[in-house]
Amino acid sequence: MSTRTAVVTGASSGIGAATARRLAGAGFHVVLAARRTDRLDALAKELEAAGHSVSVHALDVTDRAAVDAFAADLAELPPVHVLVNNAGGAIGTDPVATADPADWRAMYEVNVLGVLNVTQALLPALSGSGDGTIVVLSSTAGLATYEGGGGYVAAKHGAHVIAETLRLELNGHPVRIIEIAPGMVKTEEFSLTRFRGDAERADAVYAGVAEPLTADDVADTVCWAVTRPAHVNVDLLVLRPRAQASNYKVHRVQ
């Protein structure tokens, strides 16, 4: 796979960084894309020290001009075979009645338009590779609602529908569309960002849950899906910890 390139957005931490490690270990040249280049540089050094091939690109997926320039830069690399649309996130837990529209707009920009921007920009390269794979990291929030999640749920429903629609529109083209929808994943930043830096509230999300998913659990699943034979498409894979039966039913040890 040394002549194959995988692009991972939101690669500076969490699921994105873990996915980059897994794909690098599988032999891909991995393009690390995110806004925080200091973290990307640290990850790149780690991967290069392990003998892997990697490059770093500062990227805000909500900036279409920057995305287009990013896609042009990739023309110098081996063919792009994999795009992992991982950049995303949640802000707040306010009910629909009182939520700040600015929070909803920010979530829509990164979770939906970010996926659209990068997918559109890289689709010619992915199709031209003759064996392309687009991964959309959605969420179980994109499949079922829960109170206090209106904005994030709406955004992840949008990401889910992008994946479904692309699969229909690209039928007959050499591009697979894979959607991975994780449930409860404990990472260093997701809940902390959602609760605007309130560590106590963020920790309470996982309180009593013996084994929530880790970023590497999700990354392992992504790597497995994209390394299936080219004719095998994993349309939708829902990934939850055993303790979580749904978005609102979680077993907690008292």
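Residues numbered from 1 in each chain as written. Predicted model: local features only at pLDDT ≥ 70, side-chain atom pairs only at ≥ 80, totals over all residues. Heavy atoms only, no water.

Q: Now, about helix 1 (residues 14-25): what can you tell me, with residues and values included?
A: The terminal C-alpha atoms of helix 1 lie 17 Å apart, and with 12 residues this matches the ideal 16 Å at 1.5 Å per residue to within 8%. Burial analysis of helix 1 places nine of its 12 residues in the buried class, the great majority of the element. Of all the positions in helix 1, only Gly 14, Ile 15, Gly 16, Ala 17, Ala 18, Thr 19, Ala 20, Leu 23 and Ala 24 are classed as buried. The inward-facing, buried residues of helix 1 abut strand 1 (5-9), strand 2 (29-34), helix 2 (37-49), strand 4 (80-85), strand 5 (132-137) and helix 8 (215-226). Positive backbone phi, at 105°, marks Gly 27, one or two positions downstream of helix 1. (Helix = DSSP H or I, 4+ residues; strand = E, 2+ residues; numbered from the N terminus. Expected span 1.5 Å × (residues − 1). Buried < 20%, exposed > 50% of the residue type's maximum accessible area, 1.4 Å probe, protein only. Contact = heavy atoms within 4.5 Å.)

Q: So what's going on with helix 3 (residues 64-73)? Residues and values would help.
A: Within helix 3, burial applies to Val 67, Phe 70 and Ala 71. Along the long axis of helix 3, the arc covered by the buried residues comes to 100°, so they all point the same way. Those residues of helix 3 that are exposed and aimed more than 90 degrees away from the buried face are Ala 65 and Ala 72. Those residues of helix 3 hidden inside the fold are in contact with strand 1, strand 2, strand 3 (54-58) and helix 4 (101-128). For helix 3, the N-terminal cap is Asp 63; the gap from its side-chain oxygen to the backbone nitrogen of Ala 65 is 3.2 Å. (Arc of directions from axis to C-beta. Polar contact = N/O pair within 3.5 Å; in protein donor to acceptor, adjacent residues only side chain to side chain.)

Q: Could you give an account of the nonpolar core, naming the residues involved and the relevant values?
A: In this structure, Leu 23, Leu 32 and Ile 180 are the most contacted members of the largest nonpolar core, which totals 36 residues. Ignoring any residue separated from it by four or fewer positions in sequence, one finds Leu 23 in contact with Ala 6, Val 8, Phe 28, Val 30, Val 84, Cys 223 and Val 226. Residues Ala 87, Ala 90, Val 112 and Val 175 belong to the second largest nonpolar core, which totals 34 residues. (Core = buried A, V, L, I, M, F, W, Y, C linked by side-chain atoms within 4.5 Å.)

Q: Could you give an account of the packing of helix 3 against helix 4, naming the residues involved and the relevant values?
A: The interhelical angle for the contact between helix 3 and helix 4, taken along N-to-C directions, is 30°, at an axis separation of 9 Å. As summarised for this structure, helix 3 and helix 4 are arranged roughly parallel, according to the angle between their axes. As helix 3 packs across helix 4, the resulting crossing turns out to be right-handed. Taking contact as the criterion, the partners of Arg 64, Val 67, Asp 68, Phe 70 and Ala 71 in helix 3 are, on helix 4, Asn 117, Val 118, Gln 120, Ala 121 and Leu 122. Residue composition of the contact of helix 3 with helix 4, grouped by class: six nonpolar, two polar and two charged. (Axes fitted to C-alpha atoms, helices over the stretch in contact; angles between N-to-C directions. Parallel < 35°, antiparallel > 145°, perpendicular 65-115°, else oblique. Left-handed = near helix turned anticlockwise from the far one by under 90°. Nonpolar A, V, L, I, M, F, W, Y, C, P; charged D, E, K, R; others polar.)

Q: Can you break down the pattern of salt bridges residue by residue, with the values?
A: Taken as a whole and judged by the stated rule, the model has 10 salt bridges. The residue Asp 131 makes a salt bridge to Arg 4 at a minimum N-O spacing of 3.4 Å. Of the two residues, Asp 131 sits in the loop between helix 4 and strand 5 while Arg 4 sits in the segment before strand 1, which places them 127 residues apart along the sequence. According to the relative accessible area criterion, Arg 4 is buried, its value standing at 18%. In this structure, the salt-bridge partner of Arg 39 is Glu 189, at a minimum N-O distance of 3.3 Å. Here Glu 189 lies in the loop between strand 6 (175-182) and helix 6 (190-194) and Arg 39 lies in helix 2, a separation of 150 residues in the sequence. When salt bridges with common partners are traced through the structure, they connect Arg 22, Asp 216 and Asp 220 into a single cluster. (Salt bridge = Lys/Arg side-chain N within 4 Å of Asp/Glu carboxyl O.)

Q: An account of the packing of helix 4 against helix 5 (residues 150-169) is needed here, citing residue identities and associated values.
A: Think of two packed helices as two axes; the pair is described by the angle between the axes and how far apart they sit. Helix 5 packs onto helix 4 with a crossing angle of 15° between their chain directions and a minimal axis gap of 8 Å. What the angle tells us is that helix 4 and helix 5 run roughly parallel. For the pair helix 4 and helix 5, the sense of crossing is right-handed. Contact residues: helix 4 offers Trp 104, Met 107, Tyr 108, Asn 111, Val 112, Val 115, Leu 116 and Thr 119, while helix 5 offers Gly 150, Gly 151, Tyr 152, Ala 154, Ala 155, Lys 156, Gly 158, Ala 159, Ile 162 and Leu 166.

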